[in-house]
Amino acid sequence: MKFFSEGFTSRSYFNICKQIVCGSYKEQVEKYNFSFNFSDENEMNAWTSLLDNGSDYLVVNVGTLIELFSLTKTTFGQKDCFESIGIAKNENNSGVKGFFDEKNCNLYFTGTPKDSVRERASTCAALFAFRFIGTHELGHILNGHTSYLKKMYMNSKIGMRNEKITRCDAYCLDRRTLEMDADAAAATASIDNVIMLYHNEFDEFLSTLFKKKEEIFGLWSFAICSVFMLFESLMTTTYNKNGYYLPNKARFYMAMGSAYETAKEYVNYDIVPELKENKAMIVKEVFYGIEQAEKIFLKKGFAFSWIKDFFEESELYIEYSDEVLCNWDNNLENKLEKYARTPLYNKDKMGAVFEQLKRIHDSGRL
Ligand SMILES: [Zn+2]
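Residues numbered from 1 in each chain as written. Predicted model: local features only at pLDDT ≥ 70, side-chain atom pairs only at ≥ 80, totals over all residues.

S.K.: I would appreciate a short explanation of unusual backbone geometry in the present structure.
M.R.: Trans is the common state for peptide bonds, and a negative phi is the common state for residues other than glycine. Of note, the phi angle at Phe82 is positive, near 45°, even though the residue is not glycine. Position of Phe82 relative to the elements: it lies in the loop between helix H2 (62-76) and strand E5 (98-101). Here Asp270, not a glycine, exhibits a phi torsion of approximately 55°, which is positive. (Helix = DSSP H or I, 4+ residues; strand = E, 2+ residues; numbered from the N terminus.)

S.K.: I keep staring at the packing of helix H5 (residues 169-200) against helix H6 (residues 215-234) and nothing clicks. Help me out?
M.R.: Two measures define how a pair of helices packs: the angle their axes make with one another and the distance between the axes. One way to put it is that H5 packs onto H6 with a least axis distance of 10 Å and a crossing angle of 160°. Between H5 and H6, the crossing angle belongs to the class labelled roughly antiparallel. Here H5 and H6 pass one another in a crossing that is right-handed. Contacts between H5 and H6 pair Ser190, Val194, Leu197 and Tyr198 from the former with Ile216, Phe217, Trp220 and Ile224 from the latter. (Axes fitted to C-alpha atoms, helices over the stretch in contact; angles between N-to-C directions. Parallel < 35°, antiparallel > 145°, perpendicular 65-115°, else oblique. Left-handed = near helix turned anticlockwise from the far one by under 90°. Contact = placed C-beta atoms within 7 Å.)

S.K.: It is not clear to me how the sheet that holds strand E1 (residues 3-4) should be interpreted in this structure. Could you clarify?
M.R.: Pairing in this open sheet of 5 strands is mixed, and the strands run E1-E2-E4-E3-E7 from one edge to the other. Single-partner strands in this sheet number two, and they are E1 and strand E7 (158-159). With 2 bridges connecting them, strand E3 (residues 46-50) and E7 associate as antiparallel partners. In the strand pairing of E7, Trp47 is matched with Gly159. (Pairing = 2+ DSSP bridges.)

S.K.: How do you make sense of helix H11 (residues 314-337) when you look at a structure like this?
M.R.: The periodicity of an α-helix, 3.6 residues per turn, causes residues three or four places apart in sequence to face the same way. In the structure, H11 departs most strongly from a straight axis at Trp328, where the bend amounts to approximately 50°. All of the buried residues in H11 are Tyr317, Val324, Trp328 and Leu332. Tucked into the core, H11 has its buried residues touching H5 and helix H7 (248-268). (Bend = angle between axes of the 7 residues up to and from the residue. Buried ≥ 20, exposed ≤ 12 C-beta atoms within 10 Å, placed from the backbone.)

S.K.: Whenever I open this one, the pairing of strand E6 (residues 106-109) confuses me. Can you help?
M.R.: Sheet faces and side chains relate simply in a regular strand, where the side chains alternate between the two faces. Strand direction decides the pairing type here: E5 and E6, joined by 4 bridges, are antiparallel. The residue bridging Phe99 from the neighbouring strand is Tyr108, located in E6.

S.K.: How should the environment of Met235 be read in this particular structure?
M.R.: Along the polypeptide, Met235 turns up in the loop between H6 and H7. Between the C-alpha atoms of Met235 and Asn248, which are 13 residues apart in sequence, the distance is 9.8 Å.

S.K.: Would you mind showing me how to read the environment of Leu197 here?
M.R.: On the secondary structure map, Leu197 appears in helix H5. Sequence separation between Leu197 and Ala121 is 76 residues, and the spatial gap between their C-alpha atoms is 14 Å.

See the structure below:
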């Protein structure tokens, strides 16, 4: 395994992704003590740990970028996906693969959407997905998970997926709960980002991509759904009491729930008034984005029907989420309190966070 954090150009996907993670870390901590690296591994995964010298450590496998960008390039290279963005009918429906050129420290792709607007939309979607993965890992760091695991179990390494199970039931339940917490952190960071783009930067950037600005929420839900569908396409997950992760589908629903709670706070505190005014259109776009993810995975040979399943199997998912939320409330929240560097997720505290956001907004700095 080889690690690197430079050697690529400033315009490369590597650098943009690095800036997203390092910038987000910097925004949230007082003292910058962070080492970010890519590893040359092809598996789609990312992991984090607390080093013995007290430094936070985060690694993203090259395979993560390859999977994300080749999926979004493939999607926007289809005539029948996101038809309202750019000119879809000229696309040639080909599947795009990506490769890591180690010598030049660059990624190469076998194709890209023909239409330049669609090409940019595909990059934007891949970056939404990447931000989710990056801030999930940062959630493990900033919410105190790595410090807690190091103290309790003498091993702070925590991966996004696919770790070999070596420990007892209580540890497994703790790990599923920490994953839920990191997903919630990622969902919050990612919907924050999209809401701010929707609110602030439409004229400069988004208007060149979308006919109506609410479409950004479709691109976002597509991206988040794609992260979990990619995981599921690489390895099927089922519920297991001795597992570190809930099924990908359950994690996706819970992440969407966290994002929804965050968006609701923006509405409650009247921070972004147009969210409320255009709620129906936004919700429609969110479902549209998930449908586009289902469509592209069906073309890849995976018949995921996560919208339909949500309504049919919701009782099951409530059971899974109750188990981890209960463990959070009764056990982990207190234990993590002393290690956390950001306010831990708590409905009562969310109010305070948003009071502050509103003050910042009112003073014109947001
Ligand atoms: Zn994780």
